[in-house]
Amino acid sequence: MKQPAAIVWFRQDLRLDDNPALEAAVKSGKPVVPVFIWDPDSEGDWSPGAASRSWLHFALKKLDKSLRAVGSRLVLHEGPTLECLEKLIDDTSADSVFWNRRYEPAVIARDTKIKTELSKRGLHVESFNAMLLFEPWTVKTKTATPYKVFTPFYRACLSQPEPDDPISAPQKLKSPGKWPTSAKLESLKLLPRIHWDTGIREAWRLDEPEESSLIDRFVQQGLAGYPEARDRPDVDGTSRVSPYLHSGELSPRRLWHAVRAATRRPKTGPPPKAAEGYLRELIWREFAYHLLFHFPKTVSEPLNAGFAKFAWRKDAGGLKAWQKGQTGYPIVDAGMRQLWTTGWMHNRVRMIVGSFLVKDLLLPWPEGAKWFWDTLVDADLANNTLGWQWVAGCGADAAPFFRIFNPIRQGEKFDPEGNYVREWVPELSKLPDRWIQKPWEAPESILKDAGIDLGRTYPQRLVDHDEARARALEEFKKSRETAE
Ligand SMILES: Cc1cc2nc3c(=O)[nH]c(=O)nc-3n(C[C@H](O)[C@H](O)[C@H](O)COP(=O)(O)OP(=O)(O)OC[C@H]3O[C@@H](n4cnc5c(N)ncnc54)[C@H](O)[C@@H]3O)c2cc1C
């Protein structure tokens, strides 16, 4: 008689390392059928954007390769998830389905339904945590409510038991006697037809599994300097693990313990303060998931209801100029072009461009969130929502609305020699440091020597920052009056 199989439904956990769902399937002793189902419609308004799809294509390819190295393979299906799972269950006589949890509202609703339906059929269905250090429901205030302020949340996380040690990848997977049919990766059409993603392919090593070397390299070379370098977009000062964390190619527990372990090597390891600073950022990610789980409406509505009626402007031309990196503010344009080309943008610059959209242009933050969603390779509903609500001043523990980033000062402080601007806005590359963040103030002769004709080779400013700031503060004042 055919031995029933155990299905491992891969989702945002595209790895063999530290994968509890996979471990459970292996431990069951049954043949393991690893499956990925492409069903973007089931993710509601937040199905993966264009850059994330491109990333996903390569992540699936790498996962299949890793599975083949342990005697298995990845079975691909496309269509409504429940139907696909039911077909796979019939084809493999599976009696159990394992997966790792996700926390997006539409996905929770879908998965709950699937769990109920499969359980009704008598299957063993079990889900695990592979994505977070702390489950959102385990971190609570003294009155058992969710946190809305980061620092107490951070302290509460640190007082929890240490995240579990990561589980090693299996050495061998038991195959079913007969493999179910699988779609071809190319048939999922995750790659764009027009190759606008060349820059993404150049910026990231998409063909080779990079995750473990990425951690080692960062812990050995980047971590010690992280506190000073992390705010500088002109240097390679952050770990750039965000797309791997999002796709689940990298385990947050693996990362957490690697950083922790490094600090226990006092002679060769990074200073404990540097490690602490980095782990704190990982807990910002936990905070984002905590908020998404407890306040799911925040993906489109401000957490602070006082902002619900804010009179955002409509300005299609301004939005387009921002998206294309044509605002006339060099640091903003550099960030938006880095995003468009590589699918990633430095965190400091995400804050600068976000502030510019929301406060200088007075355009609604969900417009920014949507553009990031489509263009970031690390587009992540929890982190993106937190980031945008923080920038707009309407989220949990957000920057107050009246604290408005000055794009010139920010550029001068965090890109002091203008190297970041020169890299991404090459038409300004010959401008001396003094003018690189504010070309409109440069004397005509300097502009001419640098080959710049403002309004022709590089745009004039969309707005005057001081005037835009005054307008934003006025609108904020009005919105508070109407909210009272
Ligand atoms: C407007 C806006 C939108 C954002 N959208 C996203 C998004 O869609 N996806 C995403 O992963 N991050 C987002 N971020 C957070 C942050 O910019 C990125 O996580 C970070 O730039 C990734 O680069 P890194 O891996 O080199 O970060 P590092 O500085 O090396 O940090 C390591 C990890 O810590 C976490 N982390 C760091 N900073 C933050 C933060 N501010 N909030 C939450 N987690 C953090 C990330 O998982 C990151 O990969 C956004 C920030 C802003 C201001």
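Criteria and cut-off values
Residues numbered from 1 in each chain as written. Predicted model: local features only at pLDDT ≥ 70, side-chain atom pairs only at ≥ 80, totals over all residues. Heavy atoms only, no water. Core = buried A, V, L, I, M, F, W, Y, C linked by side-chain atoms within 4.5 Å. Buried < 20%, exposed > 50% of the residue type's maximum accessible area, 1.4 Å probe, protein only. Helix = DSSP H or I, 4+ residues; strand = E, 2+ residues; numbered from the N terminus. Contact = heavy atoms within 4.5 Å. Pairing = 2+ DSSP bridges. Axes fitted to C-alpha atoms, helices over the stretch in contact; angles between N-to-C directions. Polar contact = N/O pair within 3.5 Å; in protein donor to acceptor, adjacent residues only side chain to side chain. Salt bridge = Lys/Arg side-chain N within 4 Å of Asp/Glu carboxyl O. 1 Å grid on protein atoms, 1.4 Å probe; cavity = no way out; pocket = protein on both sides within 12 Å on 5 of 7 lines; lining within 4 Å. Points joined across faces, edges and corners; volume = space filled by probe spheres on them. Nonpolar A, V, L, I, M, F, W, Y, C, P; charged D, E, K, R; others polar. Domains from an automatic or database assignment. Buried area = accessible area lost by both parts, 1.4 Å probe.

1. Quick notes on the nonpolar core
Link 1 in the chain: Core analysis: the biggest nonpolar cluster contains 132 residues, and L60, Y278, W322, V332 and F372 have the highest contact counts within it.
Link 2 in the chain: When residues in this core are grouped by element, the largest group, 10 residues, is from helix α11 (residues 272-294).
Link 3 in the chain: In contact with V332, other than residues within four places in its own chain, are W322, T327, I352, V353, F356 and P407.
Link 4 in the chain: Counting 20 residues, the second-largest nonpolar core is a separate cluster that includes I37, L85, L123 and W179.

2. Some points on the sheet that holds strand β3 (residues 75-78)
Backbone-to-backbone hydrogen bonds pair the strands of a sheet. The strands run either parallel or antiparallel.
Link 1 in the chain: The parallel open sheet is built from 5 strands, whose spatial order is β3-β2-β1-β4-β5. Each edge of the sheet is formed by a strand with only one pairing partner; in this case those strands are β3 and β5 (124-128). Going from strand to strand, the sheet's axes swing by 25° on average, the running direction of each strand aside.
Link 2 in the chain: The sheet strands contacting helix α1 (residues 20-27) are β1 (6-10), β2 (32-38), β4 (96-100) and β5, and the helix crosses β4 at an angle near 155°.
Link 3 in the chain: In the packing of helix α2 (residues 50-69) onto the sheet, the strands contacted are β1, β2 and β3, and the crossing angle to β2 comes to about 170°.

3. Regarding the environment of L279
Link 1 in the chain: Mapped onto the elements, L279 comes out in helix α11.
Link 2 in the chain: L279 sits 159 residues away from K120 along the chain, and the two C-alpha atoms are 42 Å apart.
Link 3 in the chain: Setting aside residues no more than four positions away along its own chain, L279 makes contact with W256, V259 and R260.

4. With respect to the side chain of H346
Link 1 in the chain: As for its position among the elements, H346 is in the loop between α13 (330-342) and α14 (347-360).
Link 2 in the chain: Among the polar contacts made by the side chain of H346, one reaches the main-chain amide nitrogen of R348 at a distance of 3.0 Å.
Link 3 in the chain: If sequence neighbours within four positions are ignored, H346 has contacts with R230, D231, R232, P233, T238 and Q338.

5. Some words on the pattern of salt bridges
Link 1 in the chain: Here the structure, examined in full by the defined rule, presents 34 salt bridges.
Link 2 in the chain: Salt-bridge contacts for K65 lead to E208; the nearest nitrogen and oxygen are separated by 3.8 Å. Placement of the pair is K65 in helix α2 and E208 in the loop between α6 (198-203) and α7 (211-222), with a sequence separation of 143 residues.
Link 3 in the chain: Taking relative accessible area as the criterion, K65 reaches 48% and is therefore assigned partly exposed.
Link 4 in the chain: Relative accessible area serves as the criterion here: at 34%, E208 is assigned to the partly exposed category.
Link 5 in the chain: A cluster of three or more residues bridged by salt bridges with shared partners is formed by R409, E412, K438 and E441.

6. A closer look at the layout of surface pockets
Link 1 in the chain: In this model, the largest pocket occupies a volume close to 1,000 Å³.
Link 2 in the chain: E281, W284, N347, R350 and N383 are, among the 35 residues lining the largest pocket, the residues nearest its centre.
Link 3 in the chain: Elements supplying a minimum of two residues to the lining of the largest pocket: α9 (242-247), α11, α14 and α16 (381-392).
Link 4 in the chain: In terms of residue count, the dominant contributor to the lining of the largest pocket is α16 (7 residues).
Link 5 in the chain: Across the lining of the largest pocket, the residue classes tally to 16 nonpolar, 10 polar and 9 charged.
Link 6 in the chain: Both of domain 2 (132-167 + 209-294) and domain 3 (305-483) provide at least three residues apiece to the lining of the largest pocket.
Link 7 in the chain: Estimates place the volume of the second largest pocket at around 520 Å³.
Link 8 in the chain: Every residue lining the second largest pocket is counted, 24 residues in all, and those nearest its centre are R217, D236, T238, S239 and R240.
Link 9 in the chain: Elements represented by at least two residues in the lining of the second largest pocket include exactly α7, α13 and α18 (419-424).

7. Description of the domain arrangement of the chain
Link 1 in the chain: What the domain assignment lists for the chain is domain 1 (6-131), domain 2 (132-167 + 209-294) and domain 3 (305-483).
Link 2 in the chain: Computed over C-alpha atoms only, the centres of domain 1 and domain 2 are separated by 26 Å.
Link 3 in the chain: Between domain 1 and domain 2, the contact holds 21 residues from the first and 24 residues from the second.
Link 4 in the chain: Between domain 1 and domain 2, the buried area comes to about 2,000 Å², and carbon and sulfur atoms account for 51% of it.
Link 5 in the chain: Counting the surface domain 1 buries against domain 2, the share from its top three residues, D18, Y103 and M131, is 33%.
Link 6 in the chain: Here domain 1 is connected to domain 2 by 4 salt bridges.
Link 7 in the chain: Ionic pairing is found between E135 and R101, a salt bridge with its closest N-O pair at 2.7 Å.
Link 8 in the chain: At the boundary of domain 1 and domain 2, one finds 17 residue pairs in polar contact (both at pLDDT 80 or more).

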